[in-house]
Amino acid sequence: MRRATAFFRARAALLWERAAPVLIGPAALLGLYLALALFGVFERLGDPWRLISLALTLGLPAFSWPNQTEIERRIEDDSGLTDRPFEAMRDVPASGDPALWDAHIARMKARLEHAHARRPKAAWGRLDPYGLRASVMLVLLTGAFLSGELAGPRLSDAFAPRLLAGGGQDARVDLWV
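Now for a look at the structure at hand. Everything quoted here is computed from the prediction, not taken from an experiment. (Residues numbered from 1 in each chain as written. Predicted model: local features only at pLDDT ≥ 70, side-chain atom pairs only at ≥ 80, totals over all residues. Heavy atoms only, no water.)

**Digging into helix H6 (residues 98–112)**
Note the following rule: Numbering of helices and strands starts at the N terminus; helices are DSSP runs of H or I of at least 4 residues and strands are runs of E of at least 2. Given a helix with a known number of residues, its expected span is that number minus one, times 1.5 Å. Burial classification: accessible surface area is computed with a 1.4 Å probe over protein chains only, and a residue below 20% of its type maximum counts as buried, one above 50% as exposed, and the rest as partly exposed. The arc in question is formed by the directions pointing from the helix axis toward the C-beta atoms. When checking whether two residues touch, look at their non-hydrogen atoms; a contact exists if any pair is within 4.5 Å.
Here H6 contains 15 residues, and its C-alpha end-to-end distance of 21 Å stays within 8% of the 21 Å for a straight helix at 1.5 Å per residue. His104, Ile105, Met108 and Leu112 are the residues of H6 that are buried. Seen from one end, H6 has its buried residues packed into an arc of 95 degrees, which puts them on one side. Facing away from the buried side of H6 by more than 90 degrees, the exposed set consists of Ala99, Leu100 and Asp102. Against helix H1 (3–38) and helix H5 (85–90) lie the buried residues of H6.

**Side note on the pattern of salt bridges**
If charged atoms from side chains of opposite charge come close, those side chains can pair. To keep things clear, this is the line we draw: The term salt bridge refers to a side-chain nitrogen of Lys or Arg lying within 4 Å of a carboxyl oxygen of Asp or Glu.
Under the defined criterion, the tally for this structure stands at eight salt bridges. Arg90 is the salt-bridge partner of Glu72, the closest N and O atoms lying 2.7 Å from each other. Of this pair, Glu72 sits in helix H4 (residues 68–79) while Arg90 sits in helix H5; the two residues are 18 residues apart in sequence, bridging distant segments of the chain. For Glu72, a relative accessible area of 3% corresponds to the buried category. Among the residues examined, Arg90 registers a relative accessible area of 48% and is labelled partly exposed.

**Notes on unusual backbone geometry**
For Asp83, which is not a glycine, the phi torsion comes out positive at approximately 70 degrees. Residue class for Asp83 comes out exposed when judged on its relative accessible area of 59%. Residue Arg84 is not a glycine yet carries a positive backbone phi of 50 degrees. A residue is classified by how much of its surface remains accessible, and Arg84, at 41% relative accessible area, is partly exposed.

The following block contains the structure:
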């Protein structure tokens with residue numbers, strides 16, 4: 001595998017493995033917020049509950065982008081390489097025979113020819129072993145189905161920058177099985 005492809009795959013894998021734990025909580029809260037909007041809860045209660053719910057969904061935990069060294073370590077680990085060949089390529093000898101150093105660099109380049117990066121580890125599966133993310137999707141689909149033509153206005157009201165008075169008509173659900 002070409003080195004550029006290995007770097008791209010390693011960077012993408014590290015990004016996903018770092019983003020999944022950061023995004024799973026806010027994504028679940030956003031799903032709950034959208035479900036409340038679709039079921040008409042904000043129409044009934046109005047503000048400040050809608051604004052409080054929205055504020056709770058907007059916070060994101062810390063996220064750090066992978067740096068070059070972490071990407072190189074990922075490729076070395078995935079390829080089973082030891083002796084840190086990427087670091088050796090940047091290193092400069094303090095003294096010694098230049099021919100010996102050139103041979104060492106050539107050996108490190110040869111080791112990197114077959115370097116590769118694996119797919120990301122299953123971050124969602126580890127964080128959500130019971131598959132609750134599917135339940136959130138099912139609740140959202142049910143809310144969209146039950147709200148019918150009111151789904152669009154309810155979702156736009158949920159994110160509208162104006163105050164909602166609340167106290168609309170009583171909640172009513174019509175279901176046919």
